[in-house]
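# Fold and geometry: a report
Here is what each chain is made of, one letter per residue.
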Amino acid sequence: MKSRAHIFVPLWSVAVGASVLTGCGSAPQPSEREAVAVRTCTVVRGERPASGHEYVGVVEEETAVALSFPVQGSLLSVGVAPGQRVARGETVARLDEQNLRSVHQGAQASLTQAEDAMRRLQQLYDNGSLPEIKYIEAQTRVEQARAMEQVARKNLSDARLQAPFGGVIGAREMEAGEHVMPGQTVCTLLKIGTVKVKIPVPENEIATIGRGRRARITVAALGGRQFEGTVRERGATANPVSHTYEARIPLDNTDGALMPGMVCRVVLEGDSVATARSIVLPTRAVQVDDRGERFVWGVRDGRAVRRTVRIGGLTEGGVVVTEGLDDGERVVTDGGQKISEGMKVEEQTR
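Read on for a plain summary of the structure. (Residues numbered from 1 in each chain as written. Predicted model: local features only at pLDDT ≥ 70, side-chain atom pairs only at ≥ 80, totals over all residues. Heavy atoms only, no water.)

### Things to note about the nonpolar core
Ranked by internal contacts, the top residues of the largest apolar core, which has 25 residues, are Val 197, Ile 217, Ile 249, Val 266 and Leu 268. Contributions of two or more residues to this core are made by strand E3 (52-60), strand E12 (194-202), strand E13 (214-219), strand E16 (244-252) and strand E17 (263-269). Leave out the neighbours within four places in its chain, and Ile 217 touches Val 197, Arg 225, Gln 226, Phe 227, Gly 229, Ile 249, Leu 251, Cys 264, Arg 265 and Val 266. Judged by nonpolar contacts, the second largest core, of 22 residues, contains Phe 69, Leu 75, Ala 163 and Phe 165. (Core = buried A, V, L, I, M, F, W, Y, C linked by side-chain atoms within 4.5 Å. Buried < 20%, exposed > 50% of the residue type's maximum accessible area, 1.4 Å probe, protein only. Helix = DSSP H or I, 4+ residues; strand = E, 2+ residues; numbered from the N terminus. Contact = heavy atoms within 4.5 Å.)

Okay, structure coming up:
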């Protein structure tokens, strides 16, 4: 009996260990987990006009200036609000002038005293009874007092912040009661008599966009109002993330209708009236990695496959893909943030 018990215990232990190993072996691997539901579409090339390129632009001001006081003090009032129009020379903010006025009054008193002493010493000097050195010292004290008075008078006048040109207040950075240091921005002033429409141009298209290229601009915020202009500026340095170059189109804005920040649709006229076959995907389908490369998630054999793409301009239907995809491929349009390379996906086509 004793020997049988001795044999029975190890067998029981082995059986338990085997069952544990079997249970571990049946656990699903990460690649075999439940598929992630995504929405996809099938790539189909369509016809689009090649006579021009369409972009999304943003209106920006001609000039932007940060207004600040050259002296420190307590901000007494700010008389402007964002979006408010101001004329050249109009006061936009004021400092508490009490301390600055006291300093100026003291400087004036010192100047008066120095000038009075100079007049009395002048008589002695003219009579030859005053040494030359004493006369020069008196002149120096007068000049020093005059300089101090000029500085104090300038500081007092600088307690009023005035607009250097007519424009629109962009942003107000400070409120009444705050302490202001020299050079600290109180508000920004935008010059918008002429504005510029800035558009990002993909690197594969920038060579075709020269100065003088005509453009049609449609501004949705103004009820679809249209403007016409020509490209006057073309950037020489690409954005390191988006790989796009900036082009700018100046527009006359005498009536002030165009405001900085307005989004608009820009169509650059081309030289051809032919058509081109292109792939257009929803903008949400295209992603950008940390190296600035654009890519989409494709689906092959039920798994996610990363596809690097090159894009062109924007259209009403989405973004134009110029390289990286072929007809018939399936691309993830929704849910791409939840997947990674090789992950199982469950398609919901549209």
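### Let's talk about the pattern of salt bridges
Taken as a whole and assessed by the stated rule, the structure comprises 26 salt bridges. A salt bridge links Arg 153 to Glu 149; its shortest N-O distance comes to 3.0 Å. Of this pair, Arg 153 and Glu 149 both sit in helix H3 (residues 132-157), four residues apart, which is roughly one turn of the helix. Judged by relative accessible area, Glu 149 falls into the buried class, the value being 8%. A salt bridge links Arg 225 to Asp 255, with the shortest nitrogen-to-oxygen separation between them at 3.2 Å. Taken together, the positions of Arg 225 in strand E14 (residues 225-230) and Asp 255 in the loop between E16 and E17 put the pair 30 residues apart, joining distant regions of the chain. (Salt bridge = Lys/Arg side-chain N within 4 Å of Asp/Glu carboxyl O.)

### Considerations on unusual backbone geometry
Here His 243, not a glycine, exhibits a phi torsion of approximately 55 degrees, which is positive. Of the residues examined, His 243 reaches a relative accessible area of 28% and is grouped as partly exposed. Not every positive phi belongs to a glycine, and Asp 301 is a case in point at roughly 55 degrees. Within the fold, Asp 301 resides in the loop between strand E20 (294-300) and strand E21 (303-308). Classification of Asp 301 by relative accessible area gives exposed; the value is 74%.

### Looking at the sheet that holds strand E7 (residues 91-95)
The sheet built from four strands is open, its strands ordered E8-E7-E5-E10 with antiparallel pairing. The open sheet terminates on both sides in strands that have one partner only, identified here as strand E8 (160-162) and strand E10 (179-180). Both strand E5 (residues 73-78) and E10 contribute to a ladder of two bridges, which runs antiparallel. Each bridged residue has a counterpart across the sheet, and for Ser 74 the counterpart in E10 is His 179. (Pairing = 2+ DSSP bridges.)

### A short note on the sheet that holds strand E4 (residues 63-68)
As summarised here, the arrangement of the four strands in space is E4-E11-E9-E6, forming an open sheet in which the pairing is antiparallel. Edge positions in the sheet fall to E4 and strand E6 (85-86), since each of these pairs with one other strand and no more. The sheet contact formed by strand E9 (residues 167-172) and strand E11 (residues 185-191) spans four bridges and is antiparallel. Its bridge partner lying in E11, Arg 172 is registered against Cys 187.

### Comments concerning helix H2 (residues 98-126)
For H2, which comprises 29 residues, the first-to-last C-alpha distance of 42 Å matches the rise-based estimate of 42 Å (1.5 Å per residue) to within 8%. Listed in full, the buried residues belonging to H2 are Leu 100, His 104, Ala 107, Leu 111, Ala 114 and Met 118. Elements that come into contact with the buried residues of H2 comprise H3. Looking one or two places after H2, you find Gly 128, whose phi comes out positive at around 80 degrees. (Expected span 1.5 Å × (residues − 1).)

### A closer look at the pairing of E13
As paired elements, E13 and E14 share six bridges and run antiparallel to each other. Residue pairing for E14: Arg 216 is matched across the bridge by Glu 228. The loop that links E13 with its antiparallel partner E14 comprises five residues; one of these, Gly 223, has a positive phi angle of about 70 degrees. The sheet contact formed by E13 and E17 spans five bridges and is antiparallel. Bridge pairing in E17 places Val 219 opposite Cys 264.

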